[in-house]
Amino acid sequence: MFERVLAFLKDLPSGAGARANADDPRVAASALLYHVMNADGVRQDVEWERFKQVLAQSYSISGDELDALAAAGERADNEAIDLYAFTSVLKRHLDAEARKAFIGLMWEIVYADGELHELEDNTVWRVAELIGVERLERVEARRKAAAAAPGASGTSSDE
């Protein structure tokens, strides 16, 4: 499933570089991934590295272009009042399978540090609701990410 979402994200319009525009699906995805990474108030190096790996793999970018997209996502998230601006863009551009896969990417970033914080769990739940990913699909994506993360407890209010 991860490969499918990577393939889909690569096909999203890239515009002229990584412009900080919430209507750009690449920036919207970057902003949501950045948001979940910071949901618990602590950005660990391992989470930042996973965030950049996901962006690099998703868009086949590196170097300055990768840094620009990461910065655009950070800026967009910091300027946003809510998540709807980003989720509405992804809901328009992603089909149901790609939306489920995107939630899987969010869980991978959550579990990059081997821990699940309730604010991270709540953020993924809200994004999933806004982009139309059902509860059972969200829980299954969480279980897969937790199983792949060494030392992760995998506990959540979903169970």
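For the structure, check the block above.
The sections below set out a description of the structure shown in this document. Keep in mind that what you see is a predicted model, and the values were worked out from it rather than measured.

Turning next to the overall build of the chain. In terms of regular secondary structure, the chain is built from eight helices and zero strands. Written out in order from the N terminus, the α and β elements of the chain read α-α-α-α-α-α-α-α. Per-residue burial over the chain gives 49% buried out of 159 residues. Contacts in the chain between residues at least 24 apart in sequence constitute 70% of all its contacts with a sequence separation of at least 6. Here the chain has roughly 7,600 Å² of accessible surface; of this, 49% comes from carbon and sulfur atoms.

Attention now goes to the pattern of salt bridges. If you walk through the whole model with that rule in mind, you get five salt bridges. Across the pair Glu 108 and Arg 50 runs a salt bridge whose closest N-O atoms are separated by 2.4 Å. Of the two residues, Glu 108 sits in helix H6 (residues 96–110) while Arg 50 sits in helix H3 (residues 45–59), which places them 58 residues apart along the sequence. For Arg 138, the salt bridge is made with Glu 129, and the minimal N-O distance between the two is 3.8 Å. Put simply, Glu 97, Lys 100 and Glu 137 are held in one network by salt bridges that share partners.

Take the packing of H3 against helix H4 (residues 63–79) next. One way to put it is that H3 packs onto H4 with a least axis distance of 10 Å and a crossing angle of 115°. Relative to H4, H3 is oriented so that their crossing is right-handed. When H3 is examined against H4, the residues Trp 48, Phe 51, Lys 52, Leu 55, Ala 56 and Tyr 59 are found in contact with a partner set consisting of Leu 66, Asp 67, Leu 69 and Ala 70. Looking at the contact of H3 with H4 residue by residue, the classes come out as eight nonpolar, no polar and two charged.

The next point concerns the nonpolar core. Leu 33, Phe 51, Phe 102, Ile 103 and Trp 107 are the most contacted members of the largest nonpolar core, which has 44 residues in total. Broken down by secondary-structure element, the contributors of at least two residues to this core are helix H2 (25–37), H3, H4, helix H5 (84–93), H6, helix H7 (118–131) and helix H8 (135–148). In terms of residues, this core owes the most to one element, H2, which gives nine residues.

By the secondary structure assignment, Lys 52 is in helix H3. At a separation of 2.8 Å, a polar atom in the side chain of Lys 52 contacts the side chain of Asp 67. Excluding residues within four positions of it along the chain, Lys 52 makes contact with Leu 66 and Asp 67.

As a further point, take H5. If you check which residues of H5 are buried, you get Phe 86, Thr 87, Ser 88, Val 89 and Leu 90. Those residues of H5 that are buried are in contact with H2, H4, H6 and H7.

Thresholds applied
Every residue gets a number counted from 1 within its own chain, in the order that chain's sequence is written. Only residues with pLDDT of at least 70 are given local features in this predicted model, and only at 80 or more are side-chain atom pairs given and counted; all residues enter the totals for whole chains, interfaces and linings. Side-chain measures were taken over the full set of non-hydrogen atoms in the model, leaving aside hydrogen atoms and water. Counting from the N terminus, the helices are DSSP H or I runs at least four residues long and the strands are E runs at least two residues long. With a 1.4 Å probe rolled over the protein chains alone, any residue whose accessible area is under 20% of its type maximum counts as buried; one over 50% counts as exposed, and the rest are partly exposed. Contacts are residue-level and defined by heavy atoms, with any inter-residue pair within 4.5 Å sufficient. All accessible areas in this document rest on Shrake-Rupley with a 1.4 Å probe, and a residue is counted as covered only by the protein chains that are shown. The term salt bridge refers to a side-chain nitrogen of Lys or Arg lying within 4 Å of a carboxyl oxygen of Asp or Glu. Only the stretch in contact is used when fitting a helix axis, every axis being a line fitted to C-alpha atoms; angles between N-to-C directions are given from 0 to 180 degrees. Left-handed describes a crossing in which the near helix is turned anticlockwise from the far one by less than a right angle; the clockwise case is right-handed. Only Asp, Glu, Lys and Arg are considered charged in this grouping, and only Ala, Val, Leu, Ile, Met, Phe, Trp, Tyr, Cys and Pro are considered nonpolar; every other residue, Gly among them, is considered polar. Definition used in this section: a nonpolar core is a set of buried Ala, Val, Leu, Ile, Met, Phe, Trp, Tyr and Cys residues joined via side-chain atoms within 4.5 Å. Side-chain atoms alone can form a polar contact between residues adjacent in sequence; in general such a contact is a pair of N or O atoms within 3.5 Å, and within protein one must be able to donate a hydrogen while the other accepts it.

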